Protein chains: 2
Amino acid sequence: MTQNPPPLSAEKATIEDVARAAGVSRWTVARAFKTNASVSSKTRAKVLGAAKEIGYLPDLQAASLGANQSNLVALLVDDFKNPHKLLLIEQVSQTLRDHGWDSLLINTGGAQDTNAALLTASQRRVDAAILLGVHFNDAVLDTAVGAERVKKLIVFARSSKHPRTLSICVDDAAAMAIVADHVLAQGYQRPLFLAGPQTGSAHLHRQETFVQQWFEATGDAPHSLEVPVYDSALSYTEISKYLAESKSYPDVIVCENDALALGAMDAIRLSAGLSVPDDIAVTGFDDVPQAGFAQYQLTTYQQPIKEMAEHLVKLLRGEAQAKDRYDFSGTLIERSST
Amino acid sequence: MTQNPPPLSAEKATIEDVARAAGVSRWTVARAFKTNASVSSKTRAKVLGAAKEIGYLPDLQAASLGANQSNLVALLVDDFKNPHKLLLIEQVSQTLRDHGWDSLLINTGGAQDTNAALLTASQRRVDAAILLGVHFNDAVLDTAVGAERVKKLIVFARSSKHPRTLSICVDDAAAMAIVADHVLAQGYQRPLFLAGPQTGSAHLHRQETFVQQWFEATGDAPHSLEVPVYDSALSYTEISKYLAESKSYPDVIVCENDALALGAMDAIRLSAGLSVPDDIAVTGFDDVPQAGFAQYQLTTYQQPIKEMAEHLVKLLRGEAQAKDRYDFSGTLIERSST
DNA sequence: AAATATCTTGCACATGGGTGCAAAAGCGAT
DNA sequence: ATCGCTTTTGCACCCATGTGCAAGATATTT
């Protein structure tokens with residue numbers, strides 16, 4: 001057995017130490033670190049030099065006590081089965097960091113207790129809580145005391161009509177209309193819509209849009225199937241069962257997102273022994289990395305996550321209009337699954 | 001355009017408000033919230049009642065200023081291409097939360113500046129920084145001033161010999177030996193080892209273990225291929241190229257992890273037109289969800305992430321031995337890719 | 001050179017709660 | 001009722017910084 005790690009390094013320097021080293025008051029040091037503060041450039045240079053010398057960096061927690069801003073943002077995530085979450089988490093955390101915010105990741109998947117997560121966020125003095133998940137619907141937010149304790153509530157990549165909430169998402173209806181157009185243009189006739197959890201009002205409008213669009217174009221109501229989690233494995237099971245049980249099969253499965261689409265493709269090929277897209281075509285939504293793999297080549301709709309994350313920053317800064325929703329538009333990525 | 005969200009809720013109650021409401025001093029309130037504090041049970045009940053009444057919850061940031069503990073832990077992640085990260089992030093954040101810690105997610109992927117990430121962590125007063133990534137090698141940590149400012153440095157699912165660091169990981173060598181045994185037992189004869197980035201000393205020992213093991217058993221040195229990122233798409237490209245260029249192909253590709261293995265399987269089937277496992281078998285490492293999909297059915301090694309996360313909590317609490325490494329053992333999941 | 005305007009800098013007070021000790025209160029025994 | 005001990009409670013001081021104002025220093029004007 002090896003020994004313990006060496007003891008901690010010397011105490012971290014405080015603003016007071018810098019003040020002493022630079023021969024000024026601590027308030028002057030604080031100013032030197034603040035842009036647009038009234039300090040003579042000579043003093044600032046002296047202070048910053050001293051600070052660098054003794055390795056001073058301001059304590060962000062202490063700073064957020066005094067100030068009414070913490071530069072901390074909570075990311076509430078409840079849905080780790082969906083690989084799209086990794087993209088969202090990566091992009092949002094990176095963009096926030098690039099602009100000076102840190103991310104408090106709160107996993108609400110286990111207890112699924114949104115309220116507790118929001119309370120924790122407020123106890124950490126976050127400037128905002130970003131909701132990245134499927135269970136943050138308006139009913140939950142209504143009953144969550146925690147929702148009122150957080151300065152800003154932002155639903156990302158999903159839409160919400162809750163009055164306390166701001167949404168950053170693609171225009172789901174418009175996006176799904178594009179998918180529907182594509183499916184119609186390809187001449188498919190017997191669609192099946194595969195939906196995920198339908199969670200109250202803070203949900204996606206993909207299913208209803210597709211159904212409506214299809215009905216308007218053809219006069220038929222497409223079949224639908226719902227699974228309770230955005231999980232490829234679950235989608236595989238359900239589609240396998242569906243294909244085994246029904247006498248005729250659809251010629252296209254339109255999925256609410258890629259997580260479901262990937263499982264559906266596996267089911268079509270490996271469980272039902274059919275081919276994609278010849279027997280059954282498939283469409284997805286999100287353009288997760290796997291959608292582009294040789295194995296899948298899934299036709300899907302790509303959301304402009306980066307752009308959306310930049311908009312998030314603007315909202316946090318108060319630069320953007322505080323509209324309840326801000327709709328972005330993405331791109332249909334046509335691959336060989338249709 | 002809709003109007004702005006309603007104004008913020010009333011100011012959050014402070015300990016002082018509770019004290020007033022309960023008719024005691026604020027220190028008594030603090031005690032009521034602390035287990036093992038000397039308060040009469042009558043007083044505690046009165047205080048907690050009053051706190052509940054006015055909706056008081058302690059401010060964690062303020063608390064961490066006075067105390068020498070923040071209950072905040074930084075998660076440094078640099079590698080979002082690998083789906084295994086989602087598993088790790090989920091499990092670690094959930095387990096930490098279950099035990100009272102919050103997670104500060106720091107994405108070091110963009111700038112790849114580990115030092116900056118560690119500095120940020122220290123500015124947020126984290127109790128520990130958990131390193132979940134590939135680029136946190138000893139050389140980097142040696143030159144990172146930030147490494148010294150963080151109370152504890154814990155490398156998760158990877159091993160490090162850096163003196164400031166504690167590792168929580170499976171015994172890589174033992175695990176890869178099991179994989180090697182399996183491959184040998186199945187009678188494969190021309191292995192190719194597909195490795196990821198070889199990052200200094202805080203790396204995995206899978207490649208060297210396999211090579212050595214194979215050599216000892218057969219007297220041959222297996223071929224190897226390296227890719228700079230754990231990315232299925234990259235693995236696909238490299239394996240495609242490799243199979244196209246070489247006259248003979250291996251009969252098994254042993255991959256350093258599943259991210260690489262999945263891409264390799266796609267390449268074997270779709271680029272080279274060969275079959276798995278008949279022409280070429282494949283093994284992975286990590287048991288990501290996709291490894292179990294019908295499409296892949298990848299033989300892989302599953303790490304006991306949950307158990308490792310629980311051990312992490314013990315380390316944070318100071319309950320566990322501070323060994324430099326703590327080795328767990330996982331399970332070989334045999335599927336039909338071998 | 002004096003008066004005035006402007007820029008710098010210092011300070012009191014605030015943020016929300018932790019620590020350790022001392023004072024106060026409770027309690028049983030004498 | 002008094003003494004001594006234990007439990008409970010209050011308090012001074014500390015954590016590291018922000019805000020807004022006033023005092024001090026410098027520059028500009030007359």
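Cut-offs used in this document
- Residues numbered from 1 in each chain as written.
- Chains lettered and ligands numbered in written order.
- Predicted model: local features only at pLDDT ≥ 70, side-chain atom pairs only at ≥ 80, totals over all residues.
- Heavy atoms only, no water.
- Phe/Tyr/Trp six-rings, centres within 6.5 Å; stacked < 30°, edge-to-face > 60°.
- Lys NZ or Arg CZ within 6 Å of the ring centre and 35° of its normal.
- Buried < 20%, exposed > 50% of the residue type's maximum accessible area, 1.4 Å probe, protein only.
- Helix = DSSP H or I, 4+ residues; strand = E, 2+ residues; numbered from the N terminus.
- Pairing = 2+ DSSP bridges.
- Right-handed = clockwise from strand over helix to strand, strands pointing away.
- Contact = heavy atoms within 4.5 Å.
- Buried area = accessible area lost by both parts, 1.4 Å probe.
- Salt bridge = Lys/Arg side-chain N within 4 Å of Asp/Glu carboxyl O.
- Polar contact = N/O pair within 3.5 Å; in protein donor to acceptor, adjacent residues only side chain to side chain.
- Nonpolar A, V, L, I, M, F, W, Y, C, P; charged D, E, K, R; others polar.
- Axes fitted to C-alpha atoms, helices over the stretch in contact; angles between N-to-C directions.
- Parallel < 35°, antiparallel > 145°, perpendicular 65-115°, else oblique.
- Left-handed = near helix turned anticlockwise from the far one by under 90°.
- Core = buried A, V, L, I, M, F, W, Y, C linked by side-chain atoms within 4.5 Å.

Caption draft 1: How the structure looks around the packing of aromatic side chains. Residue and element names in this part refer to chain A. Using the criterion set out here, one finds eight aromatic pairs over all chains in the structure. One aromatic cluster in this structure is built from Phe 193, Phe 210 and Trp 214. Between the NZ or CZ atom of Arg 206 and the centre of the ring of Phe 285, over which it lies, the distance is 3.6 Å.

Caption draft 2: Highlighting the pairing of strand E1 (residues 72-77) of chain A. Residue and element names in this part refer to chain A. With six of six residues buried, E1 lies mostly within the body of the structure. In E1, alternate side chains face the same way, and those of Leu 72, Ala 74 and Leu 76 on one face and Val 73, Leu 75 and Val 77 on the other are all buried. Bridge analysis of E1 against strand E2 (residues 102-107) gives six bridges, and the strand direction is parallel. By the bridge assignment for E2, Leu 75 is matched with Leu 105. In this fold, the crossover linking E1 to E2 by way of helix H5 (residues 84-98) has right-handed handedness. Sheet topology note: the E1/strand E3 (residues 128-132) ladder contains five bridges and is parallel. Within E3, the position partnered with Leu 75 by the bridge is Ile 130.

Caption draft 3: The interface of chain A and chain B, seen in detail. The partner chain B presents 68 residues to the 68 residues of chain A that form the contact. Summing both partners gives a buried area of about 6300 Å² for chain A against chain B, and 55% of it is carried by carbon and sulfur. It is Gln 61, Gln 123 and Arg 124 of chain A that lose the most area in chain A upon contact with chain B, and together they represent 12% of the buried surface on that side. At the junction of chain A with chain B, the criterion picks out four salt bridges. Two residues, Arg 125 of chain A and Asp 59 of chain B, come together in a salt bridge whose shortest N-O distance is 2.4 Å. In this assembly, chain A and chain B are joined by 29 residue pairs in polar contact (both at pLDDT 80 or more). Partitioning the side of chain A that touches chain B into residue classes produces 30 nonpolar, 23 polar and 15 charged. With three bridges joining them, E2 of chain A and strand E2 (residues 102-107) of chain B adopt antiparallel strand pairing. Opposite Leu 105 of chain A, over in E2 of chain B, you have Ser 103 of chain B as the bridge partner.

Caption draft 4: Quick peek at the packing of helix H5 (residues 84-98) of chain B against helix H13 (residues 305-317) of chain B. All names here are of chain B. Relative to each other, H5 and H13 sit at 45°, their axes nearing to 9 Å. Judged by the inter-axis angle, H5 sits oblique to H13. At the point where H5 passes H13, the crossing takes the right-handed sense. Mapping the contact onto sequence places His 84, Leu 87, Leu 88, Gln 91, Val 92, Thr 95 and Leu 96 in H5 and Ile 305, Lys 306, Ala 309, Glu 310, Leu 312, Val 313 and Leu 316 in H13. A per-class count over the contact of H5 with H13 returns nine nonpolar, three polar and two charged.

Caption draft 5: Structural detail: the nonpolar core. The biggest cluster of nonpolar side chains holds 89 residues, and the ones touching the most others in it are Leu 96, Phe 156 and Leu 312 of chain A together with Leu 96, Phe 156 and Leu 312 of chain B. Residue contacts for Leu 312 of chain B: discarding those within four places in its chain leaves Val 92, Leu 96, Ile 130, Ile 154, Phe 156 and Ile 168 of chain B. Within the second largest apolar cluster, 58 residues are counted, among which are Leu 194 and Leu 225 of chain A together with Ile 253 and Met 265 of chain B.

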